[in-house]
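Fold and contact review
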Amino acid sequence: MIRFENVTKRFADGTEALKNVSVTIPTNKLTAIIGPSGCGKTTLMRMINRLEVPSEGAIYIDELPIFERDEVELRRSIGYVIQRIGLIPHMTIEDNIALVPELLKWDKEKTAVRVDELLDMVDLDPAVFKKRYPFELSGGQQQRVGVSRALASDPNIILMDEPFSALDPISREQLQKELKKLQKKIKKTIVFVTHDMDEALEIADVIIVMREGQIEQISSPDELIENQANDFVREFIGQERIDRQRNFGQRPIKEFVRFYDETWTGEVREVTSMLTVDDAITVLDAHPSSRLAVAEDGVVIGYIGHHSLLQASMDNGKWVKS
C-alpha cells in the first residue's frame, strides 16, 4: 500500500504542483492517474520512488516512510516504465533486461532464467529477441522490453509514465490488452499516468482524477462513469462518452459482428444475436480462448471476440470493460 499524507510540492518559482494531497493507492491494483496537462499527475507518481521530493508531508510504502529508506535501494525495488522506453542502444535486449538483477548481484544462471521468463511473458520469443539490439525492434516490441525490464527484479510496485502514448494506435491497443492480461497474472501495484481517458477506463482498477495539484475524484471506472464528483470531472470525461458507456453494454452483439471467420482455431461458442455486450463479455471472460458464433434464427451470421468488441467500442469513442 502506498499512502500520501498531506503532501505539497512547491517549486522554486512558487508554483505548487501538489497541494496538501492525501491519498491511498491500493495494493495489487492498477491505479491510473489522469488529468489535464500540468495538473500534477506525473509529480505525484515520481514522488513514490523519490524522483521528486515533497516540500511538505509524508509518503509511506507499507506504512514505512520512504525517506527512511536508502534512495538507491528504494529505486531498485520499484519498476519504472517511461514513454521514451530508455533502452540502452549498445546493449542487447538480454543485457537491458538483466541490468537491475545484475546490480542486485543475482547469479548469472538465475538472471538468464528470469530474462527468458520475462520475454515469454510479454510474447517475445527469447530465442528470437534476446540477442537483438533495440534498433532491431519495433516501437511496440521495445516497449514490451521496457515492461520486462521493469519486472526483472520482481518488484511489488511498478510505475508507468504514459508508456504507450508515443505508439501507433494498433500497437497501443495491443499493449493495453497485454498489460491487463499480465496484471491478472502478476498482481502488482501499478501506478499508471496517462492523459487518455479511454486508456484509463480500459486498463485501470482505480482511477484518480486530478486538477491543479489536487485530487477531484478517486473511484473504479464503473463508478466514475455512473457518478461524477463534480462538474469538472463530468466535463473532463465528456457527457457523450458517459452516455455511450452507460448504453453500450446493453446493446445486442449482432450490431458489432464485423466479419465471418471460419478459420478460427480456438473454441467456438454459439450464442443468440440478441445477447448483450455485457453478457458477451462475461462469457468471453469465462472462456478466454473462445470466439462467439452469433446466430439469428438458428443461422450463424458472424463471429465476435474480445478484440472485435473492443474495436467496436473504440469506434464509438468509448471503451469496453473486459
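Heads up: the structure comes first, above all this text.
For the structure given in this document, a descriptive report is provided here. Since this is a predicted model, take the numbers as computed values, not measurements.

About the thresholds
Residues numbered from 1 in each chain as written. Predicted model: local features only at pLDDT ≥ 70, side-chain atom pairs only at ≥ 80, totals over all residues. Heavy atoms only, no water. Core = buried A, V, L, I, M, F, W, Y, C linked by side-chain atoms within 4.5 Å. Buried < 20%, exposed > 50% of the residue type's maximum accessible area, 1.4 Å probe, protein only. Contact = heavy atoms within 4.5 Å. Salt bridge = Lys/Arg side-chain N within 4 Å of Asp/Glu carboxyl O. Helix = DSSP H or I, 4+ residues; strand = E, 2+ residues; numbered from the N terminus. 1 Å grid on protein atoms, 1.4 Å probe; cavity = no way out; pocket = protein on both sides within 12 Å on 5 of 7 lines; lining within 4 Å. Points joined across faces, edges and corners; volume = space filled by probe spheres on them. Nonpolar A, V, L, I, M, F, W, Y, C, P; charged D, E, K, R; others polar. Pairing = 2+ DSSP bridges. Right-handed = clockwise from strand over helix to strand, strands pointing away. Axes fitted to C-alpha atoms, helices over the stretch in contact; angles between N-to-C directions. Parallel < 35°, antiparallel > 145°, perpendicular 65-115°, else oblique. Left-handed = near helix turned anticlockwise from the far one by under 90°. Phe/Tyr/Trp six-rings, centres within 6.5 Å; stacked < 30°, edge-to-face > 60°. Lys NZ or Arg CZ within 6 Å of the ring centre and 35° of its normal.

**Some thoughts on the nonpolar core**
- Ranked by internal contacts, the top residues of the largest apolar core, which has 44 residues, are Ile97, Met160, Leu179, Phe192, Ile207 and Leu224.
- Apart from the residues lying within four places of it in its own chain, the contact partners of Met160 are Met45, Val81, Val147, Leu179, Ile190, Val191, Phe192 and Val193.
- Counting 24 residues, the second largest nonpolar core, distinct from the first, contains Ile59, Ile157, Leu159 and Met210.

**Brief notes about the pattern of salt bridges**
- The full count for this structure, using the stated rule, is 24 salt bridges.
- Here Glu16 makes a salt bridge to Arg10, at a shortest N to O gap of 3.1 Å.
- Two residues, Glu178 and Lys181, come together in a salt bridge whose shortest N-O distance is 3.7 Å. Of this pair, Glu178 and Lys181 both sit in helix H8 (residues 169–186), 3 residues apart, which is roughly one turn of the helix.
- On the accessibility criterion, Lys181 (47% relative accessible area) is partly exposed.

**Points about empty space enclosed by the protein**
- If you walk through the whole model with that rule in mind, you get 2 cavities of 30 Å³ or more.
- Looking at the largest cavity, its volume works out to about 40 Å³.
- Around the largest cavity, the lining residues are Val81, Val147, Ala150, Leu151, Ile158, Met160, Leu179, Leu182, Ile186 and Ile190.
- For the lining of the largest cavity, the secondary structure elements donating two or more residues are helix H7 (139–151), strand E7 (157–161) and H8.
- Tallied by class, residues from the lining of the largest cavity come to 10 nonpolar, no polar and no charged.

**Considerations on the pairing of strand E8 (residues 189–193)**
- Buried residues dominate E8, accounting for 5 of its 5 residues.
- Of the two faces of E8, both are covered, the one formed by Thr189, Val191 and Val193 as well as the one formed by Ile190 and Phe192.
- Here strand E3 (residues 30–34) pairs with E8 via 4 bridges, running parallel. Residue pairing across strands places Ala32 opposite Phe192, the latter belonging to E8.
- As defined by bridge partners, E7 adjoins E8 across 5 bridges and the pair is classed as parallel. Paired with Leu159 across the strands is Val191, a residue of E8.
- Handedness of the crossover is the feature at issue here: the chain leaves E7, passes through H8, returns alongside E8, and the resulting connection is right-handed.

**Describing unusual backbone geometry**
- Phi angles above zero are rare outside glycine, and Asn20 is one such case at about 50 degrees.
- Among the structural elements, Asn20 can be located in strand E2 (residues 16–25).
- Phi is positive for Asp297, which is not a glycine, with a value near 55 degrees.
- Tracing the backbone shows Asp297 in the loop between strand E12 (290–296) and strand E13 (299–304).

**Quick look at the sheet that holds strand E1 (residues 2–10)**
- Reading across from one edge, E2-E1-E4-E5 is the order of the 4 strands in this open sheet, with antiparallel pairing throughout. Two strands lie at the open edges of the sheet, namely E2 and strand E5 (64–65), each paired on one side alone.

**A look at the packing of H7 against H8**
- Two elements in contact, H7 and H8, have axes separated by 10 Å at closest approach and are oriented at 20 degrees. Taken as axis vectors, H7 and H8 run roughly parallel relative to one another. The element H7 and its partner H8 pack so that their crossing is right-handed. Of H8, the residues touching H7 (which contributes Gly140, Gln143, Arg144, Val147 and Leu151) are Ser171, Gln174, Leu175, Glu178, Leu182 and Ile186.
- Per-class residue counts for the contact of H7 with H8 are 5 nonpolar, 4 polar and 2 charged.

**Observations regarding the layout of surface pockets**
- Approximately 410 Å³ is the volume found for the second largest pocket.
- Arg75, Arg76, Ile78, Tyr80 and Val100 are the residues nearest the centre of the second largest pocket, which is lined by 16 residues in total.

**Looking at the packing of aromatic side chains**
- The tally for this structure, following the rule as stated, stands at 3 aromatic pairs.
- When the ring of Phe232 is compared with that of Phe236, the centres are 5.8 Å apart and the planes differ by 25 degrees; the resulting orientation is stacked. Taken together, the residues span about one helical turn, with Phe232 and Phe236 both in helix H11 (residues 231–237) at a distance of 4 residues.
- Here Phe236 falls in the partly exposed class, since its relative accessible area comes to 23%.
- It is Lys110 that lies over the ring of Trp106; its NZ or CZ is 4.1 Å from the centre.
- In this structure, Arg132 packs its charged tip against the face of Phe129, placed 4.9 Å from the ring centre.

**Thoughts on the sheet that holds E13**
- Overall, mixed pairing links the 3 strands, which are arranged E11-E12-E13 in an open sheet. Each end of this open sheet is capped by a strand with a single partner; those strands are strand E11 (267–272) and E13. Neighbour to neighbour, the strand axes of the sheet diverge by 35 degrees on average, direction disregarded.
- Summarising the sheet, E11 and E12 pair through 6 bridges and their orientation is parallel.

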